[in-house]
Amino acid sequence: MGKLRLEVVVQLLILLAHSQNLLTGEMLQEDDDGQAVLPASSTVHLQRHNQHVVMSNGIVNVTLTAPGGLVTSITYKGSENLLQTQNKEDNRGYWDVVWTKPGGHDIMDKLLGTRYKVIRRNRDHTEISFTTTWTVGSARVPLNVDKRYVMLRDSPGFYSYAVLERLKGWPAFDIQEARIVFKLEENRFQYMAMSDERQRVMPMSVDRYTGQVLDYPEAVLLTRPTNPELKGEVDDKYLYSCDNKNNKVHGWVSNDHVGFWMITPSNEFRTGGPFKQDLTSHVGPTLLSMFISTHYAGEDLALKFQSEEYWKKVFGPVYIYLNSDASSKTNPSILWNDAKQRMQMEEGSWPYNFPLSEDFLKSNQRGAARGQLLVHDWYKNKKALPGASSYVGLAPPGAVGSWQLENRGYQFWTQTDQEGNFLIKNVIPGTYSLFAWVPGTIGDYKHRSDITISPGSIVELRNVVFEAPRKGATLWEIGVPDRTAAEFFIPNPDPKFKIHQYERPIERFRQYGLWTGYTDHYPHTDLVYTVGQSDYEKDWFFAHVTRNLGDRQFQATTWQILFNLTKVTKGANYTLQIALASANQAELQVRVNDQKSLPHFTTRLIGRDNALARHGIHGLYHLYSIDITGSRLINGTNTIFLTQARSQGPFREVMYDYIRLEGPST
Ligand SMILES: *[C@@H]1O[C@H](CO)[C@@H](O)[C@H](O)[C@H]1NC(C)=O
Ligand SMILES: *[C@@H]1O[C@H](CO)[C@@H](O)[C@H](O)[C@H]1NC(C)=O
Ligand SMILES: *[C@@H]1O[C@H](CO)[C@@H](O)[C@H](O)[C@H]1NC(C)=O
Ligand SMILES: *[C@@H]1O[C@H](CO)[C@@H](O)[C@H](O)[C@H]1NC(C)=O
């Protein structure tokens, strides 16, 4: 059949369809290869123009470059393009990775497709694919890429996911970052919401250019902001970070009451587990869903491939959700609340049943594990007790606590109920370690045997008993074991930085510049904490930082813990448990009763989580159990000296989670 005749047939079909439509009021059902395009309200349509393809469902239209797969336009209910039209087409909506060759510099690759393919096209469900295959010698990131976009009937938004693959034998390289990004029309979108507390009118991009760069390029003092009310505030994208476990929905509300939201319905494809922190939305206006990053963790979280490694992983789908409400004229939180509800709905339908890549496993291809977590801390109770509200997860096999640094596979986490019961659902088949940690208890749990999950089955786990790290009775303790430094003293920021007045109070640590507070509070001598007299909420600074001497000179600091002992047993071992919530290019040295001695213990150089500079209250977790023989202790007043010995700059720090001295080991 010639091309002309084919077109005639298509025209006929359209005519037929119209007449049928008129007669019956029914819409024409298109099949997978259907060519007829009918204007019908919320059914899905796909149109190919020269360099672009448009998916629409009567609510949302999405325009992408073909075969590149860049999103160039998103319209909602007949609106103008919601993306930043001043930006070039490759800087509006895109996937990217930041990668490096060994010893090389960062390269951003926007994962441009070289082939465009319609995977399914019908009025209920349209899925399109933009792929590229890496070839030896190519300058691009050595990955095979399949970017997918999905639109469903009646759905006010669209989904996107990507399958990334590298083959064995391809060059070694690292991935620092992988994400999907949208940049919105700034004249419309100025209100940002990423939690019930952190939602506000944001500064404009230009305000960052007219402002004054502070201690690092991301932090800018707004000196001449467009909105004069923001004058004196600091803008920094890290002010809007959160733990992955909470990073489910965030976005923007336009001044004509359209909400544009990034919904990430699962954490399974993110790296580093539920406590890994990452960015959400920030000035741009920019929305991100981060899949791989070194934020709040450091280089350890970068994916480092050796030449021999095969790897394939599905990221997403994420849902780009749009909403509107005339009554949100006065209160953009209405759209935020609606987006939260939608997020719960999306979370409830995970794993989605519609993605057509066979690499995305559906519910019936997945398995589950369940059990009851018990915690045994003999000092608190003879018997093991239920580990209530604990975090339990399956992650690729590794050492105790290795999930924090795990970045190749999938992780599946849940929280136990009050009885310690857990059910980990929707697990991709494979072999995992079972990990857990318990708020109020130091350390990490790992089940003694690896766990194999197969499709459609539930593994019943027995003997899930966490032997809490402990060698002796508690003599004293500082803080609460919860992997953060949030319970300690957090100063006010320098008065030269104006605190943004949110409608609801935000956590105190989310302010720029708190590191300077230490030298202000301890101008002459370092912190001294007296057990039994001091109060850690007031007398324990949240971060063990360097002392600022001025002129870019910084000095190591030594904190002291004073405590009385009676009846010290010379031959016994005492144990100092130190749990760190963060470490950044730091070295913590411990001395006992003699500040001049060689360190009794040192962590050596640890950490690159940069949590202090990024307004975090934790980065990666470390636990040290340090033996102190009784002969080093005295009957009477003892002193433990904690020195953060690396003093090059303001951001060298450790944050303590919790410290405990235990009596003779039993
Ligand atoms: C969206 O797409 C439909 C075709 O499916 C078209 O009729 C409509 O004009 C488009 N709307 C906008 C705002 O581009
Ligand atoms: C230790 O006990 C002595 C005598 O009771 C008391 O004077 C001193 O303040 C105590 N020191 C500490 C660190 O509690
Ligand atoms: C502390 O005093 C007890 C007696 O109360 C004694 O048995 C012990 O040897 C003393 N310990 C040290 C380290 O002096
Ligand atoms: C005390 O700890 C040290 C170092 O960990 C160890 O070598 C020693 O055997 C322990 N002593 C006792 C009595 O447990």
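As shown above, the structure is provided for reference.
Here the structure is a predicted model, which means the values were calculated and not measured.

This part takes up the overall build of the protein chain. Helix and strand content of the protein chain: 5 helices and 47 strands. Computed over C-alpha atoms, the radius of gyration of the protein chain comes to 28 Å, within 12% of the 26 Å expected from 2.2 N^0.38 for 666 residues, which places it in the range of a compact globule. Taken across its 666 residues, the protein chain has 57% of its residues classed as buried. When contacts within the protein chain are restricted to residue pairs at least 6 apart in sequence, long-range pairs at least 24 apart make up 69% of them. For the protein chain, the exposed surface amounts to about 28,400 Å²; the carbon and sulfur share of it is 50%. Treating the 71 positive side-chain charges of the protein chain as one cloud and the 71 negative ones as another, the clouds have centres 3 Å apart.

This part is about the site of ligand 2. By nearness alone, every residue bordering ligand 2 is listed as Thr530, Leu562, Phe563, Asn564 and Thr637. Coverage of ligand 2 by the protein amounts to 44% of the 360 Å² it exposes when considered alone. Looking at which element gives the most residues to the shell around ligand 2, the answer is strand E40 (residues 557–565), with 3 residues. Residues of the shell around ligand 2, tallied by class, amount to 2 nonpolar, 3 polar and no charged.

The subject of this paragraph is the pairing of strand E11 (residues 173–183). In terms of residue burial, E11 counts as a mostly covered element, since 11 of its 11 residues are buried. Looking at chain direction, E11 and strand E22 (residues 286–292) are connected through 6 bridges and run antiparallel. Of the residues in E22, the one forming a bridge with Arg179 is Met290.

To continue, consider the pattern of salt bridges. In this structure the tally under the stated criterion is 31 salt bridges. Ionic pairing is found between Arg342 and Glu346, a salt bridge with its closest N-O pair at 2.9 Å. Taken together, the positions of Arg342 and Glu346, both in helix H3 (residues 333–348) and 4 residues apart, correspond to about one turn of that helix. Residue classification places Glu346 among the buried residues on the basis of a relative accessible area of 2%. The salt bridge partner of Glu507 is Arg510, with a shortest N-O separation of 2.6 Å. Among the residues examined, Glu507 registers a relative accessible area of 40% and is labelled partly exposed.

Every residue lining ligand 3 is accounted for by Lys567, Val568, Lys570, Leu633 and Asn635. One of the backbone nitrogen or oxygen atoms of Val568 is found 2.9 Å away from a nitrogen atom of ligand 3. Asn635 has a polar side-chain atom sitting 2.2 Å from an oxygen atom of ligand 3. Look at ligand 3: alone it shows 370 Å² of surface, and the protein chains cover 50% of it. Partitioning the shell around ligand 3 into residue classes produces 2 nonpolar, 1 polar and 2 charged.

Moving on, we get to the nonpolar core. By size, the foremost hydrophobic cluster in this structure holds 105 residues, and its most contacted members are Ile74, Phe182, Phe260 and Leu434. A per-element tally of this core places strand E24 (residues 311–324) first, with 8 residues. When sequence neighbours within four positions are dropped, the list of residues in contact with Phe182 reads Val71, Ile74, Leu83, Arg92, Gly93, Phe158, Phe260, Met262, Pro285, Thr286, Leu287 and Ile320. By size, the runner-up hydrophobic cluster in this structure holds 58 residues, among which are Tyr216, Trp515, Ile626 and Leu642.

Let's shift gears to empty space enclosed by the protein. Summed over all chains, the structure comprises 7 cavities of 30 Å³ or more. Each pocket or cavity is described by its volume, and for the largest cavity that value is around 150 Å³. Together, 14 residues line the largest cavity, and Val234, Leu239, His500, Arg510 and Gln511 are the ones closest to its centre. Looking at the lining of the largest cavity, its residues break down into 8 nonpolar, 2 polar and 4 charged. Its boundaries defined by the atoms lining it, the second largest cavity holds a volume of some 60 Å³. Along its surface, the second largest cavity is lined by Gly272, Phe275, Lys276, Gln277, Tyr296, Trp403, Gln404, His618, Gly619 and Leu620. Of the residues assigned to the lining of the second largest cavity, the class counts are 4 nonpolar, 5 polar and 1 charged.

This next bit is on the sheet that holds strand E46 (residues 636–644). The strand order across the open sheet formed by 5 strands is E37-E40-E46-E42-E43, and the pairing between neighbours is mixed. Both outer strands of the open sheet, strand E37 (528–530) and strand E43 (601–602), are each paired with one neighbouring strand and no more. The pairing of strand E42 (residues 588–592) with E46 spans 5 bridges and is antiparallel. Bridged to Val590 within E46 is Leu642.

Bringing the side chain of His500 into the picture now. Positionally, His500 belongs in the loop between strand E36 (474–479) and helix H4 (517–521). With relative accessibility at 18%, the residue His500 sits in the buried group. Within the structure, the side chain of His500 is placed 3.4 Å from the side chain of Arg200, a separation counted as a polar contact. At a separation of 2.7 Å, a polar atom in the side chain of His500 contacts the side chain of Glu233.

It is worth spelling out the packing of aromatic side chains at this point. Within this structure, the stated rule accounts for 52 aromatic pairs. Here Tyr216 and Tyr512 contribute two aromatic rings whose centre-to-centre distance is 6.0 Å and whose plane-to-plane angle is 55 degrees, an arrangement assigned as tilted. Residue Tyr216 is located in the loop between strand E14 (212–213) and strand E15 (220–221), and its partner Tyr512 is located in the loop between E36 and H4; the two are separated by 296 residues in the primary sequence. Each member of the pair, Tyr216 as well as Tyr512, carries the same accessibility label: buried. Relative to Phe651, the ring of Tyr216 has its centre 5.9 Å away and its plane inclined at 70 degrees; by these criteria the two rings are edge-to-face. On the criterion of sequence distance, the pair formed by Tyr216 in the loop between E14 and E15 and Phe651 in the loop between E46 and strand E47 (653–662) is long-range, its members being 435 residues apart.

Before going further, it helps to examine the environment of Tyr161. Summarising the element assignment, Tyr161 is placed in strand E10 (residues 157–166). Exposure remark for Tyr161: the relative accessible area of 0% places this residue in the buried category. For the pair Tyr161 and Trp95, spaced 66 residues apart in sequence, the C-alpha to C-alpha distance is 9.3 Å. From its side chain, Tyr161 meets the backbone nitrogen of Leu356 in a polar contact 3.3 Å long.

We now examine the sheet that holds E10. Spatially, E7-E8-E9-E10-E24-E19-E18-E12-E13 is the arrangement adopted by the 9 strands of the open sheet, whose pairing is antiparallel. The strands lining the two open edges of the sheet, one partner per strand, are strand E7 (115–121) and strand E13 (199–201). Between one strand and the next, the sheet's axes are offset by a mean angle of 20 degrees, whatever the strand orientation. Taken together, the 7 bridges between strand E9 (residues 144–152) and E10 define a ladder with antiparallel strand orientation.

Rules used throughout
Residues numbered from 1 in each chain as written. Chains lettered and ligands numbered in written order. Predicted model: local features only at pLDDT ≥ 70, side-chain atom pairs only at ≥ 80, totals over all residues. Heavy atoms only, no water. Helix = DSSP H or I, 4+ residues; strand = E, 2+ residues; numbered from the N terminus. Rg over C-alpha atoms; globule rule 2.2 N^0.38 Å. Buried < 20%, exposed > 50% of the residue type's maximum accessible area, 1.4 Å probe, protein only. Contact = heavy atoms within 4.5 Å. Areas by Shrake-Rupley, 256 points an atom, 1.4 Å probe, with all protein chains shown as cover. Lys, Arg positive; Asp, Glu negative; His and termini not counted. Charge placed at Lys NZ, Arg CZ, Asp CG, Glu CD. Near = heavy atom within 4 Å. Nonpolar A, V, L, I, M, F, W, Y, C, P; charged D, E, K, R; others polar. Pairing = 2+ DSSP bridges. Salt bridge = Lys/Arg side-chain N within 4 Å of Asp/Glu carboxyl O. Polar contact = N/O pair within 3.5 Å; in protein donor to acceptor, adjacent residues only side chain to side chain. Core = buried A, V, L, I, M, F, W, Y, C linked by side-chain atoms within 4.5 Å. 1 Å grid on protein atoms, 1.4 Å probe; cavity = no way out; pocket = protein on both sides within 12 Å on 5 of 7 lines; lining within 4 Å. Points joined across faces, edges and corners; volume = space filled by probe spheres on them. Phe/Tyr/Trp six-rings, centres within 6.5 Å; stacked < 30°, edge-to-face > 60°. Axes fitted to C-alpha atoms, helices over the stretch in contact; angles between N-to-C directions.

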